[in-house]
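Chain and residue survey
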Amino acid sequence: MLPACISPELQYAISCEVRNGLFCEGQKTLSPWLFYDEEGSALFERITELPEYYPTRTERALFERHGAAIIATAAGKQRLSVLELGAGTATKTGILLEDVVRRQGSVRYIPVDVSASALDEARISLERRLPGVHVHPMVRNYVLDPLDRPMVDGRLLALYIGSSVGNFSPEEARAILRNLASILRPGDALLLGTDMIKDEETLLAAYNDAAGVTAEFNRNVLRRLNREMGADFDLAAFRHIATWNPHESRIEMHLQALRRQAIHFPSLGTIECEAGETLHTENSYKFTTQSLRDLFADTGFRAEKQWRDDRNWFSVTLARL
Ligand code: AVI
């Protein structure tokens, strides 16, 4: 099959990922951002509705219950603008933005994402759904590129929710928060959503759902490489694995080869996979009170207030410099 028509920049980024991650000695890896093509994003939306996948609904319930208090704490007596890292379709954010609009009549909302099309969708849908929300998208790879402080009056509230920070290594997570800290001023705040360590059974079930949606989400990365790189992965020859790594405090997702096979990439060459060998596709770090404290301390933030659900499964923390 011929590679699909995608932008040269995206083609190059995917090609670099594949060359570094699959054409290498040792553990083969693929970065989790590769999951989120159109189909992968739709599959992720389905994951968030699964009975086993508690993070999204737990965080949403925290926003529904404590949104007004979160916004009041962030704003103090000042006007608030809201910036969000990795905004995607910004569904849960709507709850907090409504709280800001209730308080001050309107709000400037700056979603930051690599995908201009996802940002455009978020802008159209939010401005239609929530009068008073004025969306000013910033197209940026917030992991690699320095952020710019947007022009705002009053305080800036930076949202990094959904435990998105958990998909980065502790070093990368620190680099992201330091990048964010560089554009914040005294009085501004960060609201960080993090999934907490809990019993292994609950953690494993969330990434091994009975309906097999997470398995489909995981395997979709191979479908994407077939379509966009012209590779010839046989999806049926890989099985989804999600395990809990207690030493690293993370769920690991892998795709395990069911038989020995060769995969051909027209522009890069051929890789071999042994039977049983895995491609490591995602880490999802889970936090403790202490590891969260360390993350803030290492990046110059001070936690001011935290909201958790009754089971202590998820936390949202408001922190300032
Ligand atoms: C987006 N991210 C926080 C999700 C997570 O839980 O790490 C991605 C995901 N992977 C499998 N299921 C959901």
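Refer to the structure printed above.
Residues numbered from 1 in each chain as written. Predicted model: local features only at pLDDT ≥ 70, side-chain atom pairs only at ≥ 80, totals over all residues. Heavy atoms only, no water.

Bringing the packing of helix 2 (residues 38–48) against helix 8 (residues 213–229) into the picture now. Running from N to C, helix 2 and helix 8 point in directions that differ by 170°, and their axes come no closer than 9 Å. Accordingly, the angle class assigned to the pair helix 2 and helix 8 is roughly antiparallel. Across the interface between the two elements, Glu39, Gly40, Leu43, Phe44, Arg46 and Ile47 from helix 2 touch Val213, Thr214, Glu216, Phe217, Asn220 and Arg223 from helix 8. Grouping the amino acids of the contact of helix 2 with helix 8 by side-chain chemistry returns 5 nonpolar, 3 polar and 4 charged. (Axes fitted to C-alpha atoms, helices over the stretch in contact; angles between N-to-C directions. Helix = DSSP H or I, 4+ residues; strand = E, 2+ residues; numbered from the N terminus. Parallel < 35°, antiparallel > 145°, perpendicular 65-115°, else oblique. Contact = heavy atoms within 4.5 Å. Nonpolar A, V, L, I, M, F, W, Y, C, P; charged D, E, K, R; others polar.)

The next subject is the layout of surface pockets. Empty space within the second largest pocket amounts to approximately 210 Å³. Along the wall of the second largest pocket there are 14 residues; nearest its centre are Pro170, Arg174, Tyr285, Phe287 and Ser291. Secondary-structure elements contributing two or more residues to the lining of the second largest pocket are helix 6 (170–181) and helix 9 (289–298). Classifying every residue of the lining of the second largest pocket by side-chain character gives 7 nonpolar, 3 polar and 4 charged. (1 Å grid on protein atoms, 1.4 Å probe; cavity = no way out; pocket = protein on both sides within 12 Å on 5 of 7 lines; lining within 4 Å. Points joined across faces, edges and corners; volume = space filled by probe spheres on them.)

Note on placement: Glu171 falls in helix 6. In this structure, the C-alpha to C-alpha distance between Glu171 and Leu295, residues 124 residues apart in sequence, is 9.6 Å.

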